[in-house]
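As a plain string of letters, each chain reads:
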Amino acid sequence: MNGVSPSRFEFDAIGTSWEIDTPAPLAGKIQEDILDTVDRFDSLYSRFRDDSIVTRIANAKCGGTLDFPADAIPMFDLYDQLHAMTEGAVDPLVGRDLELLGYDREYSLTPQTTEAGTSRPTWSCDVIRDGSRLTTRRPLVIDLGAVGKGALVDRISELLQADGLEDFIVDGSGDIRHRGCNALEVGLEHPLDSGAVIGLASLSNACICASATNRRTWGDGLHHVIDARNGMPTSDVIATWVIAANTATADGLATALFFDAVSPLMATFDFSFVRMFADGRVEASDNFEGELFT
């Protein structure tokens, strides 16, 4: 990634590393606000924390009604759209599938036997949503990984803008939001060779998110991109990159592009993309601004 500003604020959040680049060091107060925002987000939406609302939903034996903050509504709205356009492949209820595959709260990384006789829950049928209020009838494990990190990048960016910053890069481990006069060149990491890139994307006052099956892997064919229709990791597409106006949307679309939903997504959202298939083919949208090497 080129165009990095001279001052960098680094921290760990939601299980990964973050960097914020600015022309001058961030004041202590804005750093505190950022870390408070991160902790609040994690305390609400993490399936790995005992005190989160998501964990309360997972532990509710007979279900119930729980209220998230109003700023959860855009995330839930985005999930509604992606769930419908991928015909159920993108679904925040994949949390239980990830647990069964070994990506659980204890990070056991040991797959379990599929629960026989239990119907697969779906976002459209098993969750009743009224704005930020969710009602369930049985324990459900929500995982907001498809849009959560991008949404948090957006919230941090809003804090920086509210503090008067006009030039910054927020990088949540590859989910990037850029603001400033000088365009940013971002390398598209080869999913089979972390030391190589398949191209460069040009980013100007926009966001880029990537998803790849070589990230968060823990066994043969086991990774975090799950097809909610069957509870299994995907195999056809191995990497995606999406550029959009906000990071939550780019994050969600980067997951949705693992499935055969390009046409409805392009008709609904304003974005550009690159994706790489398991057979080595690379596909890019006509409006992609950058350069591909393959």
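Conventions used here
- Residues numbered from 1 in each chain as written.
- Predicted model: local features only at pLDDT ≥ 70, side-chain atom pairs only at ≥ 80, totals over all residues.
- Heavy atoms only, no water.
- Phe/Tyr/Trp six-rings, centres within 6.5 Å; stacked < 30°, edge-to-face > 60°.
- Helix = DSSP H or I, 4+ residues; strand = E, 2+ residues; numbered from the N terminus.
- Buried < 20%, exposed > 50% of the residue type's maximum accessible area, 1.4 Å probe, protein only.
- Lys NZ or Arg CZ within 6 Å of the ring centre and 35° of its normal.

(A) Region of interest: the packing of aromatic side chains. Throughout the structure, instances matching the rule amount to nine aromatic pairs. Measuring from ring centre to ring centre gives 4.8 Å for F41 and Y45, while their planes differ by 50 degrees; the resulting arrangement is tilted. With a gap of four residues between them, F41 and Y45 both fall in helix 1 (residues 28-45), about one helical turn apart. Each of the two residues, F41 as well as Y45, counts as buried. Ring geometry for F68 and F76: centres 5.4 Å apart, planes at 85 degrees, overall edge-to-face. Exposure class is identical for F68 and F76. Each is buried. One cation-aromatic arrangement involves R47 over Y103; the distance from NZ or CZ to the ring centre is 5.2 Å.

(B) Broad picture of unusual backbone geometry. The backbone of E87 shows a phi angle near 55 degrees, a positive value even though the residue is not glycine. The residue E87 is located in the loop between helix 3 (73-85) and helix 4 (95-100) in this model. What makes E87 exposed here is its relative accessible area of 65%. Even without being glycine, S173 reaches a positive phi, approximately 50 degrees. If you trace the backbone, S173 turns up in the loop between strand 6 (168-172) and strand 7 (175-179).

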